[in-house]
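# Survey of secondary and tertiary structure
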Amino acid sequence: MTLTEDVGSIQKSYKIRKSLRELVHKPRPKAHKFSITLPPLPPHDHTKEEFAYDVLYECQRGSLAVGYSSKTLLQFDPNPWCDANMKFTPMNIENYQLPDPMWEWVSKDWMIDMTEDVDEAGWQYALKFHGAVWHGNYRHFRSFVRRRRWIRLRRRLLQTVSTTRQSTMIKHNLIDMEPSINQDELLQRLKKCRLDRERLSVFDSCGYDVRLLEKADEYVKLFDYENS
């Protein structure tokens, strides 16, 4: 083999098949959506009630001076408290609010989730917050940050058609009931009052029943002021 053939074979083995432009503009794989696994919901009838977990993450960064603390978080770190997607939230376990009055808490307090790879206090450690692999064992030079997940179970009752009909029937039954006071008795009670304020309280006690307004003209004459 000649020297020329040796050089040619060496150059062929180091040949770059892709151009520099292709390497620079190589498409990057899409980031996976943040997924979260939660404990199973309690068994229930899906037509009558609904259950859901609320999730908060507590985040801290470690330092040689004070150890792990939320006060040592850097500018590019997440908030001390984050939502289920590790995004900013102004709420924490002390001031968290239910979505609306239809929901109620099932769990008395917030609980630390111990279902994943965590230490005895529920913490997970990593080299950094973003794009890191979390583990439950503390490792030197690979545990600069940590987080732990808090969960709380809530429930709301679903109003079915039968419930709506039942409430409607109750309203109709209340309307069909006889008034607690008749017209003559109401008139006598109004005459015994000294002030308009007392007369208005009498109307409040009988619930402003429409059937008592047949003698409205007589009631009005007993009031001292037109505004009343």
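Only a predicted model underlies this, so the values are computations on that prediction, with no experimental measurement involved.

### A closer look at a nonpolar patch on the surface
Together, Leu127, Phe141 and Phe144 make up a nonpolar patch on the protein surface, roughly 340 Å² of accessible area in all. Along the chain, Phe144 turns up in the loop between β6 (123–126) and β7 (145–157). By relative accessible area, Phe144 is classed as partly exposed at 38%.

### Some details on helix α4 (residues 183–192)
Here α4 has its buried residues at Gln183, Leu186, Leu187 and Leu190. Down the axis of α4, the smallest arc covering the buried residues is 100°, so these residues share one side. Looking at the packing, one finds that the buried side of α4 touches α5 (196–206) and α6 (216–221).

### As for α5
Looking only at α5, the buried set comprises Asp196, Arg199, Val202, Phe203 and Cys206. Viewed end-on, α5 has its buried residues packed into an arc of 110°, placing them on one side of the element.

### A look at the UniProt feature "domain: Peroxin/Ferlin" (unreviewed entry) in the chain
Listed under "domain: Peroxin/Ferlin" (unreviewed entry) in the UniProt record, and renumbered for this structure, are residues 122–157. Across residues 122–157 one finds 0% helix and 47% strand; the C-alpha atoms that close the span lie 32 Å apart.

### Looking at unusual backbone geometry
The backbone of Met86 shows a phi angle near 60°, a positive value even though the residue is not glycine. For Met86, the position within the fold is in the loop between β3 (81–82) and β4 (103–105). The class of Met86 is buried, set by a relative accessible area of 15%. Positive phi, normally seen in glycine, also occurs at Phe141, with a value near 65°. Structurally, Phe141 is set in the loop between β6 and β7.

### Here's the deal with the environment of His135
Inspection of the secondary structure puts His135 in the loop between β6 and β7. On the accessibility criterion, His135 (7% relative accessible area) is buried. Spatially, the C-alpha atoms of His135 and Gln124 are 5.3 Å apart, while their sequence positions differ by 11 residues. Setting aside residues no more than four positions away along its own chain, His135 makes contact with Asp117, Gln124, Tyr125, Ala126, Arg142 and Ser143.

The rules behind the values
- Residues numbered from 1 in each chain as written.
- Predicted model: local features only at pLDDT ≥ 70, side-chain atom pairs only at ≥ 80, totals over all residues.
- Heavy atoms only, no water.
- Patch = residues over 30% accessible without salt bridge, like charges linked within 9 Å, V, L, I, M, F, W, Y side chains within 5 Å.
- Areas by Shrake-Rupley, 256 points an atom, 1.4 Å probe, with all protein chains shown as cover.
- Salt bridge = Lys/Arg side-chain N within 4 Å of Asp/Glu carboxyl O.
- Helix = DSSP H or I, 4+ residues; strand = E, 2+ residues; numbered from the N terminus.
- Buried < 20%, exposed > 50% of the residue type's maximum accessible area, 1.4 Å probe, protein only.
- Arc of directions from axis to C-beta.
- Contact = heavy atoms within 4.5 Å.
- UniProt positions renumbered as here; feature names shortened; annotations may be inferred.

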